[in-house]
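Chain and residue survey
Letter by letter, the chains look like this.
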Amino acid sequence: MPNFDYEAPTSLARALELLSRPGEVRALAGGTDIIDQLKNNRRNADLVVDLKRVPELLTLESNGSRLRIGSAVSCTDVHKFTLEKGGFSALTEAVELVGSIHIQNRASVGGNVCNAAPSADTIPSLLIHEAVAHTASASGGREIPLIDFFAGPGQTVLQKGEILKELVLPASSANTASAYLRFIPRNEMDIAVAGVGSLIEINPSTKVVTKARIALASVAPTPVRAYAAEKFLEGTVIDAVAIDKTADIAVGSAVPITDVRGSAEYRKELIRVLTKRTLNICMERLA
Ligand SMILES: Cc1cc2nc3c(=O)[nH]c(=O)nc-3n(C[C@H](O)[C@H](O)[C@H](O)COP(=O)(O)OP(=O)(O)OC[C@H]3O[C@@H](n4cnc5c(N)ncnc54)[C@H](O)[C@@H]3O)c2cc1C
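Nothing here was measured: the structure is a model prediction, and the numbers come from that model. Counting restarts for each chain, with residues numbered from 1 along the sequence as it is written. Owing to the predicted nature of the model, reporting of local features is limited to residues with pLDDT of at least 70; listing and counting of side-chain atom pairs is limited to 80 or more, with chain, interface and lining totals taken over all residues.

1. Quick word on the overall build of the chain
Basically, it comes down to this: To qualify as a helix, a DSSP run of H or I must reach at least 4 residues; to qualify as a strand, a run of E must reach at least 2; elements of each kind are numbered from the N terminus. The reference for a compact globule is 2.2 Å times residues^0.38; the radius of gyration itself is calculated from the C-alpha atoms. To sort residues by burial, count the other C-beta atoms lying within 10 Å of each one's C-beta; a count of 20 or more means buried, 12 or fewer means exposed, and anything in between means partly exposed. C-beta atoms are built from the backbone.
Scanning the chain from terminus to terminus reveals ten helices and 14 strands. Taking 19 Å as the expected radius of gyration for a compact globule of 287 residues, we find that the chain reaches 19 Å, a close match to that expectation. Overall, the C-alpha framework of the chain stretches about 60 × 45 × 30 Å when taken along its three principal axes. Counting every position in the chain, which comprises 287 residues, the buried fraction comes to 44%.

2. Thoughts on helix α3 (residues 75-85)
Which entries qualify depends on this criterion: The arc under discussion is defined with respect to the helix axis, by the directions toward the C-beta atoms. The contact criterion used here is simple: two residues whose C-beta atoms, placed from the backbone, lie within 7 Å are in contact.
Among the residues making up α3, those that are buried are Cys75, Val78, His79 and Thr82. Relative to the axis of α3, the buried residues are bounded by an arc of 100° and lie together on one face. For α3, the elements touching its buried residues are β4 (60-62), β5 (66-70), α4 (89-95), α5 (101-106) and α6 (109-115).

3. Observations regarding the domain arrangement of the chain
Interfaces are often sized by the amount of accessible area the parts lose when they come together. Rules: Reported domain spans reflect what an automatic or database domain assignment gives.
Assigned domains of the chain: these are domain 1 (5-50), domain 2 (55-170) and domain 3 (176-286). Averaged C-alpha coordinates put domain 2 and domain 3 at centres separated by 20 Å. At the junction of the two partners, domain 2 supplies 22 residues and domain 3 supplies 26 residues. Among the elements of the structure, α4, α7 (122-128) and β8 (150-152) are those that each provide at least two residues to the side of domain 2 that touches domain 3. Among the elements that line the side of domain 2 that touches domain 3, the one with the most residues is α7, at five residues.

4. Some words on the environment of Tyr6
Locating Tyr6 in the fold gives a position in strand β1 (residues 5-7). Placed 237 residues apart in sequence, Tyr6 and Ile243 show a C-alpha to C-alpha distance of 51 Å. With residues up to four places along the chain from it excluded, the contact list for Tyr6 reads Val48 and Asp50.

5. Side note on unusual backbone geometry
Here Asn41, not a glycine, exhibits a phi torsion of approximately 55°, which is positive. With respect to the helices and strands, the residue Asn41 is situated in the loop between α2 (34-39) and β3 (47-50). In the Ramachandran plot, Ala116 falls in the positive-phi region, its phi being about 55° despite a non-glycine side chain. Position of Ala116 among the secondary structure elements: in the loop between α6 and α7.

6. Brief notes about the site of the ligand
Just so we agree on the cut-off: Nearness rests on one distance test: the residue's C-beta atom, set from the backbone, must lie within 6 Å of the molecule or strand. Polarity classes work like this: nonpolar for Ala, Val, Leu, Ile, Met, Phe, Trp, Tyr, Cys and Pro, charged for Asp, Glu, Lys and Arg, and polar for all others, with Gly in that last group.
Around the ligand, a shell composed of 30 residues is seen, among which Gly30, Gly99, Gly111, Asn112 and Cys114 lie nearest. Mapped onto the shell around the ligand, the elements with two or more residues apiece are β2 (25-28), α2, α5, α6 and β10 (163-170). With five residues, α6 is the largest single contributor of residues to the shell around the ligand. Split into classes, the residues belonging to the shell around the ligand amount to 15 nonpolar, ten polar and five charged. Residue assignment places the shell around the ligand across two domains, with domain 1 (5-50) and domain 2 (55-170) each supplying three or more.

7. Things to note about the environment of Glu269
Structurally, the position occupied by Glu269 is in helix α10 (residues 264-286). Residue Glu269 is classed as partly exposed on the basis of its 16 C-beta neighbours within 10 Å. Distance from Glu269 to Asp248, taken between C-alpha atoms, is 9.2 Å for residues 21 residues apart in sequence.

8. Structural notes on the nonpolar core
For the record, the criterion: Each nonpolar core consists of buried Ala, Val, Leu, Ile, Met, Phe, Trp, Tyr and Cys residues. Their C-beta atoms, within 7 Å, join them into a set.
Core analysis: the largest hydrophobic core is formed by 81 residues, its most contacted members being Leu51, Ala194, Ile200, Leu216 and Ile271. Per-element tally for this core: the top contributor is strand β13 (residues 209-217), with six residues.

9. Description of the sheet that holds β2
Picture the strands of a sheet paired through backbone hydrogen bonds; they go either parallel or antiparallel. Selection criterion: In this scheme, strands are said to pair when DSSP sees at least two bridges between them. Between the N-to-C directions of two axes lies an angle of 0 to 180 degrees, each axis being a line fitted to C-alpha atoms and, for a helix, fitted only over the stretch in contact.
Strand order in the open sheet formed by three strands is β1-β3-β2, with parallel pairing between adjacent strands. The sheet is open, and its two edges are formed by β1 and β2, each paired on a single side. Adjacent strand axes in the sheet meet at a mean angle of 25° when their direction is disregarded. Both β1 and β3 contribute to a ladder of three bridges, which runs parallel. When the bridges of β3 are listed, Glu7 appears paired with Val49.

10. Some thoughts on α10
Because an α-helix completes one turn every 3.6 residues, residues spaced three or four positions apart along the sequence face the same direction. Spelled out, the test is: Expected span of a helix: the number of residues minus one, times 1.5 Å.
In this model, α10 (23 residues) spans 33 Å end to end at C-alpha, consistent with the 33 Å of a helix rising 1.5 Å per residue. Arg267, Leu270, Ile271, Leu274, Thr275, Lys276, Thr278, Leu279 and Cys282 are the residues of α10 that are buried. Tucked into the core, α10 has its buried residues touching β11 (176-183), β12 (194-202), β13 and α9 (240-251).

11. Considering the pairing of β13
Among the nine residues that make up β13, seven are buried, leaving the element largely enclosed by the rest of the structure. In this structure, the hairpin formed by β12 and β13 is closed by a connection of six residues, where Lys207 is found at a positive phi of approximately 65°. The turn joining β13 and strand β14 (residues 224-225), which pair antiparallel and follow one another in sequence, is formed by six residues; a positive phi near 70° is taken by Ser218.

12. So, the pairing of β3
The condition is simple: Crossovers are marked right-handed if the path from the first strand over the helix to the second runs clockwise, as seen with the strands pointing away from the viewer.
The sheet contact formed by β2 and β3 spans four bridges and is parallel. Bridged to Ala27 within β3 is Val49. Once you follow β2 into α2 and on to β3, the crossover reads as right-handed.

This is how it looks when you write it as structure tokens:
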């Protein structure tokens, strides 16, 4: 492990002051990505700023109209909270898939987002629930729709000295359901070969879809929304034929690479299957 200074501030103001210092300053939340990256020289740091003691980054609350998740809140806490409150099933499912129980106890949803891996499991769920990234820096903060937060594999639009403060998700209306599924070759502790999050809102009497959100993991340099599939589904009466067609269209938003985990063609087929399955789960949840 290379040498670096370490600070664990207990206020946001102090954290932001540290993060704006010259040199390579890295935020640390759970450390499950960054420690490994530093050890293996995939990232370097002069200073590591531990954010886990900053109260403003540990918010976890829902007031009925929105859910606020502080950037340093662990996957375990998000899982417990959303399971109890309901309304964000895809996210509840995604946080429970990250690594293992031990990893989930350390790993934050904010860290999963800021690490910006195309395969990150929480991101499709956050995208379909229309999360907005609220940032903070010494010079102020920004509100960035999550879809605009990613600049490439491992890269975000955060500037030097700017951190993710919290993720804010509007509450879903009634008659809405969401689901997240990923494919990995073994039961756990693996990176998604492909992942799909789906959310639909339907008119219960006509079964017409009034809102559709579909987001894909591991099939592009950044997480992507399957806009064409969403557009097709909105205004359509949902049934098996519509779900099949939506899944076919979603494949068109995937631009995967071939690597050791799977070929591009295999990943596209996974998108078709996982889109179908997540939409069917949504329908079961709405029944
Ligand atoms: C064994 C193992 C299994 C894993 N399995 C999965 C899996 O199944 N699915 C999955 O998606 N991931 C998995 N991961 C990856 C990792 O656990 C997640 O990405 C995790 O959510 C990262 O959160 P963290 O709090 O540990 O982030 P950290 O490692 O603390 O930080 C990650 C990155 O985000 C930056 N960062 C953190 N917080 C902020 C902030 N507030 N503002 C700006 N930048 C910030 C850091 O500087 C760093 O670059 C696994 C990791 C391990 C070690």
